[in-house]
Amino acid sequence: MNILVLGDVVGPSGVKAVTEKLPGLIKEKKIDFVVVNGENAADGGVGITKKNTEDFFNAGVDVITSGNHIWDEKETMQFISKEKRLLRPENSIEPAPGEGLGIFNSKNNKKVAVINLMGNIFMKKSEDVFQAAKKFIENVKLKKDSDFIVVDMHGEITSEKMAMGYLFDGKVTMVVGTHTHVPTSDHRIMEKGTAYQTDIGMCGDYNSVIGMNRDNSLKKFFKDPSAKRHFPALGEATISGLMVTADDSTGLAKKVQPIIIGGSLQGRI
Ligand SMILES: [Fe+2]
């Protein structure tokens, strides 16, 4: 069983790279289930539109996760309750429309549970993420309730994500961090068999400041009055994520492989 999780897709160049390259990647690597974090996919680099979700699903994405920018496009509040394949953080402050977790069918007819969590430190206010994770572990058991389990831990700081990795070790197939838009090189299988990477990076133009136009970002840091609202960099995007080969009998990871394709990070791994 091959599961691919792609990092935060940023703006039009990120969407273009994912929609153009994902179908070929699925065939080439025999990928059975694809998750992307899509909360930065809209043209402005924050939020996600219905059209973005359709483009991702047409390209072979099975589930879209998100985070702090989930509600930045007004229409998302309207369509999320009907689109179960788009998740908002499970520990969102209630009442939030939509779901933070679900059990989905893979391309090879296995059950894959996906939970979207959001960190508490330096992030939008949300319910205690560790309590939400604990509750999920009590309710959704690997092999009993789902063949495989994927955790997207959307957060700013590394320690919170690592602690989450240990909490889930042996209980889920993989835990990946998202949100920082920078891939870390600590991908591995932890002691009890869960695949882990602190951050899987972004699918976007790395010739930028975390996906946003670099000159404008610098102007903002210098408080230059001519600085505009952040807008995405539009150069060629790198696709960045983690592919995990999991064992059908245990649901745990056998192999981890970072996926880094195209754009300015090409050739790093
Ligand atoms: Fe984010």
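For the structure itself, look to the data block above.
Given the structure is predicted, the values throughout are model-derived calculations rather than measurements.

Asker: Give me the lowdown on the coordination of the iron ion, citing residues and values where you can.
Answerer: Coordination of the iron ion by the protein comes from Glu 39 (OE), Asn 68 (OD1), His 154 (NE2) and His 179 (ND1), over a distance range of 2.0 to 2.2 Å. The site at the iron ion holds four donor atoms, and with the angles between them running 85 to 171°, its shape is irregular. Each donor residue of the iron ion belongs to the same chain, with the gaps between them written as E-x28-N-x85-H-x24-H. Of this pair, Glu 39 sits in the loop between strand 3 (33–37) and helix 2 (50–59) while Asn 68 sits in the loop between strand 4 (63–65) and helix 3 (75–79); the two residues are 29 residues apart in sequence, bridging distant segments of the chain. Side by side, Glu 39 and Asn 68 carry an identical accessibility label, which is buried.

Asker: I'd love a proper account of the layout of surface pockets, names of residues and values included.
Answerer: Space inside the largest pocket adds up to approximately 440 Å³. For the lining of the largest pocket, the residue count by class is six nonpolar, nine polar and six charged.

Asker: Can you break down the side chain of Lys 161 residue by residue, with the values?
Answerer: Summarising the element assignment, Lys 161 is placed in helix 5 (residues 158–168). Lys 161 gets classed as buried once you look at its relative accessible area, which sits at 2%. Beyond its immediate stretch of four places on either side in the chain, Lys 161 contacts Met 153, Gly 155, Glu 156, Gly 177, Thr 178, Thr 180, Tyr 196, Thr 198 and Asp 199.

Asker: Give a detailed account of the nonpolar core, specifying residues and quantitative values.
Answerer: For soluble globular proteins, the rule of thumb is that nonpolar side chains tend to be buried together. Among the nonpolar cores identified, the biggest contains 28 residues, and Leu 4, Leu 22 and Phe 56 are the most heavily contacted of them. Here this core takes six residues from helix 1 (residues 11–29), the largest share from any one element. When neighbours within four sequence positions are excluded, Leu 22 is seen to be in contact with Leu 4, Leu 6, Ala 17, Val 34, Ala 59, Gly 60 and Val 61.

Asker: Mind laying out unusual backbone geometry, listing which residues take part and the relevant values?
Answerer: Positive phi, normally seen in glycine, also occurs at Asn 109, with a value near 65°. When you line up the elements, Asn 109 lands in the loop between strand 5 (101–105) and strand 6 (111–118).

Analysis parameters
- All chains use their own residue numbering, which begins from 1 and follows the written sequence.
- Per-residue local features are limited, in this predicted model, to residues with pLDDT of at least 70; the limit for side-chain atom pairs, both in listing and counting, is 80 or more; totals at the level of whole chains, interfaces and linings are taken over all residues.
- No hydrogens and no water enter the side-chain calculation; it runs on all heavy atoms of the structure.
- Here the term donor refers to an N, O or S atom within 2.8 Å of the metal (or 3.2 Å for Na, K and Ca), and because water is left out of the atoms, sites may appear incomplete.
- Any coordination sphere not matching a tetrahedral pattern (four donors, all angles between 85 and 135 degrees) or a square planar or octahedral pattern (four or six donors, opposite donors over 155 degrees apart, other angles between 65 and 115) is reported as irregular.
- Only DSSP runs of H or I covering at least 4 residues are called helices, and only runs of E covering at least 2 are called strands; the numbering of each starts at the N terminus.
- For each residue, the accessible area found with a 1.4 Å probe, counting protein chains only, is set against the maximum for its type, and the residue is called buried under 20%, exposed over 50%, and partly exposed in between.
- The definitions used throughout rest on a 1 Å grid laid over the protein atoms alone, on which a cavity is an enclosed set of points accommodating a 1.4 Å probe that cannot get out and a pocket is an open set flanked by protein within 12 Å on both sides along at least five of seven lines; lining residues are those having an atom within 4 Å of a point.
- Grid points are joined across faces, edges and corners, and a volume is the space filled by probe spheres set on the points.
- Polar here means any residue outside two lists: the nonpolar Ala, Val, Leu, Ile, Met, Phe, Trp, Tyr, Cys and Pro, and the charged Asp, Glu, Lys and Arg; Gly therefore counts as polar.
- We call two residues contacting when some pair of their heavy atoms lies within 4.5 Å.
- Throughout this description, the term nonpolar core refers to a set of buried Ala, Val, Leu, Ile, Met, Phe, Trp, Tyr and Cys residues connected via side-chain atoms within 4.5 Å.

Read these as layout, nothing more, since geometry by itself doesn't imply function.
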